[in-house]
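# Per-entry structural report
So the chains spell out like this:
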Amino acid sequence: MAILSINFNLTTIFQKDFLFILPEIYFGFLLLGFILWVSWLKYIGRIIRKLIIQKFIILLFFYLISIFLVNDFNIVKSIFSSTFLIDYYSILFKVSIILTTICILIFTSYRSNNSYLDNDWLGYIILLGLSLFFMVLLTAVFDLLSFYVVLEGLSLCLYGIATLFIRHLRKGSELAMKYFVMGLLSTGFFLFGIYLIYAETQATSFFKIKEFFILPEEKLTLLSYIGLTCILFGFFFKLGAVPCHIWVADIYEGVPTPITAFFSITVKLAIFSIFIRILFFTFLDVFYFWQFILICVSFLSMLYGFLNAIGTDSLKRLLAFGSINQVGYIFMGLSCGTFEGVQSSLIYLFIYIIMLLILFGLLLNTQITSFNGTISSISDLCCLYKNNPLAAWAYFCVLLSMGGIPPFAGFLGKYYLFLATIHAELYLLAFFGLFISALSMLIYLKIIKTAIFEVLTVYKSVYFKIDEILPILIINLGLFYIMGWLPLTWVLELLVIFNFLEINIMWTSFIFDITNQIVFGLINPLI
């Protein structure tokens, strides 16, 4: 009888819980087999390495297919005693994380110069796969303990990826130690904050913590607010927001460009997914407390990012400071505390991620053939238009979009952010964000001026080359997303690129329908 009871319980658990994480189990077994297969290869040449990247991309596509086959987008399910929550919100971020990783791997595989991976390829591919596994789990966590375990697993993988590539630099050990120590500091903040929240609520589930914070303001103790503050500062480190930004510029510049893309795009998506859920579900009832913290961090991040970006010539440091600046804009929307504010932040987040994908795709595959190297500084883009007008035109479009110039998507994203901030009566924050946005355009105009109008003062043979498939991949998909977020009444048709693809403009009403479902499910996950 005992055996029958155990079997019955296992069957019931499988039907109720494990069935909903079958894609992750499938992905875990595929990843384990892939890692074992790669580990047996004693020598990995350039051709084999490209083949491995392609097989890893196929593995990710199989995982995507399993997500769509197993999950019902209309069902919200809390599993493993409310430790994880499978809903529309988590599935969206899972798919986004996998798609952005696939794009980065495609850009990397078509790059003709991958010498930086010659010695560290095995460790890189293993840590990349493990970090992806932790990121897809992070999007669905619904408990503070599971959140901490998954986040620290992801952090260890990121420490390993960064150390693999910066250890060869002159100050590599110093940079690696700085990143690791700052990571330990954020871990301390998270642990202390979770401890204080648990001491007050006697719970780790997001549901039960939310029920506790529904209490009137006068019944909440100081420990609750200190615990929430510690958790917020732990997130500020992971997102690279001021004042926890010290590691960002050095790490972004020290690691190879594909790793910079991975850190600034895929990792940011995963962290923002759980950050927004914690704020707008678990701690929404103490909005009056964390709103002021987000407003201050938004002010400082926008200002610091702009002031440091305007004086640098390094493209990767510029992107690092730009990411700090963009986190400030996203915080501006979140600090509204309204449905419209969350919606505008999500729209801007995905627009910014897509713009970064296009920009990194161009940077990874634009080479100075006379030096057999990639673009590392703004001055390297000199004479780009003369040598490759298509590449110059692609840079021109994505930089104008990042600067917020209409009719590109960047303008629409910032427009919705400022509109939501004004509707929330945060007039000073909206004016400051608009002022910094206008000044930031000077940075992008500087790059455009160098790429299109400047010529070399001394003669040297410079030729910019982009692999044949990448203009089709980047320009077509780029235009689809850059200029595809126009208002409902704007009906335009894009030009045909290389006679391969004709793209029609997406309707903004469709985008708002999606974000409405996401935000409503975020605030009321089981309704």
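Remember, it's a predicted structure, so these values are computed and weren't measured experimentally.

Definitions and limits used
Residues numbered from 1 in each chain as written. Predicted model: local features only at pLDDT ≥ 70, side-chain atom pairs only at ≥ 80, totals over all residues. Heavy atoms only, no water. Salt bridge = Lys/Arg side-chain N within 4 Å of Asp/Glu carboxyl O. Helix = DSSP H or I, 4+ residues; strand = E, 2+ residues; numbered from the N terminus. Contact = heavy atoms within 4.5 Å. pLDDT = per-residue confidence, 0-100. 1 Å grid on protein atoms, 1.4 Å probe; cavity = no way out; pocket = protein on both sides within 12 Å on 5 of 7 lines; lining within 4 Å. Points joined across faces, edges and corners; volume = space filled by probe spheres on them. Nonpolar A, V, L, I, M, F, W, Y, C, P; charged D, E, K, R; others polar. Axes fitted to C-alpha atoms, helices over the stretch in contact; angles between N-to-C directions. Parallel < 35°, antiparallel > 145°, perpendicular 65-115°, else oblique. Buried < 20%, exposed > 50% of the residue type's maximum accessible area, 1.4 Å probe, protein only.

## Examining the pattern of salt bridges
On inspection of all chains with the given rule, the structure shows five salt bridges. The residue Lys210 makes a salt bridge to Asp285 at a minimum N-O spacing of 3.4 Å. You can see Lys210 sitting in helix H8 (residues 206–213) and its partner Asp285 sitting in the loop between helix H11 (257–282) and helix H12 (287–309), a full 75 residues away along the chain. For the salt bridge of Arg317 with Asp250, the shortest nitrogen-to-oxygen distance reads 3.3 Å. Of the two residues, Arg317 sits in helix H13 (residues 315–334) while Asp250 sits in helix H10 (residues 248–254), which places them 67 residues apart along the sequence. Each of Asp250, Glu253 and Arg317 takes part in one network of salt bridges that share partners.

## Here's the deal with the environment of Gly410
Within the fold, Gly410 resides in helix H17 (residues 409–423). Between the alpha carbons of Gly410 and Met355 there is a distance of 8.3 Å; along the sequence they are 55 residues apart. In this structure, Gly410 is in contact with Tyr348, Ile351, Met355, Ser401 and Gly404, ignoring residues within four places of it in sequence.

## Re the confidence of the model for the protein
Chain-level pLDDT for the protein is 76 on average; 75% of the residues reach the 70-or-more range. The model gives residues 1–10 a pLDDT under 50, and that stretch makes zero contacts with residues more than four places away or in other chains. Of the regions scoring below 50 in pLDDT, residues 480–512 engages in 66 contacts with residues more than four places distant in sequence or in other chains.

## Re empty space enclosed by the protein
Once rolled over the atoms, a probe with the size of a water molecule shows which space is left empty. By the definition in use, this model includes eight cavities of 30 Å³ or more. The volume enclosed by the largest cavity comes to roughly 190 Å³. In terms of lining residues, the largest cavity is bounded by 21 residues, among which Leu318, Leu319, Gly322, Met402 and Tyr444 are the most central. Elements supplying a minimum of two residues to the lining of the largest cavity: H12, H13, helix H14 (339–365), helix H16 (389–403) and helix H18 (427–452). Of all the elements, H13 adds the most residues to the lining of the largest cavity, at seven residues. A breakdown of the residues in the lining of the largest cavity according to their chemical character gives 15 nonpolar, six polar and no charged. Approximately 140 Å³ is the volume found for the second largest cavity. In this structure, the second largest cavity is lined by 14 residues; those nearest its centre are Leu158, Tyr179, Lys238, Trp247 and Val267. Of all the elements in the fold, those that place two or more residues in the lining of the second largest cavity are helix H6 (144–166), helix H9 (222–239) and H11.

## Looking at the packing of H16 against H17
The geometry of H16 relative to H17 is characterised by a closest axis approach of 6 Å and an angle of 10° between their N-to-C directions. As judged from the angle between their axes, H16 and H17 are roughly parallel. Judged by residue contacts, Ser401, Met402 and Gly403 of H16 engage Ala409, Gly410, Phe411 and Lys414 from H17. Class assignment for the residues of the contact of H16 with H17 results in three nonpolar, three polar and one charged.

## A short note on the environment of Leu215
With respect to the helices and strands, the residue Leu215 is situated in the loop between H8 and H9. As a C-alpha pair, Leu215 and Asp285 span 70 residues in sequence and 8.6 Å in three-dimensional space.

## Looking at unusual backbone geometry
Following Val242, the chain continues into Pro243 via a peptide bond in cis, with omega recorded as 10°. Mapped onto the secondary structure, Pro243 falls in the loop between H9 and H10. We note that Gln202 has phi near 55°; this positive angle belongs to a residue other than glycine. With respect to the secondary-structure elements, Gln202 resides in the loop between helix H7 (172–201) and H8. One non-glycine residue, Glu425, lies in the positive phi region at around 65°. Topologically, Glu425 is positioned in the loop between H17 and H18. In this structure Glu425 comes out as exposed when scored by relative accessible area, which is 56%.

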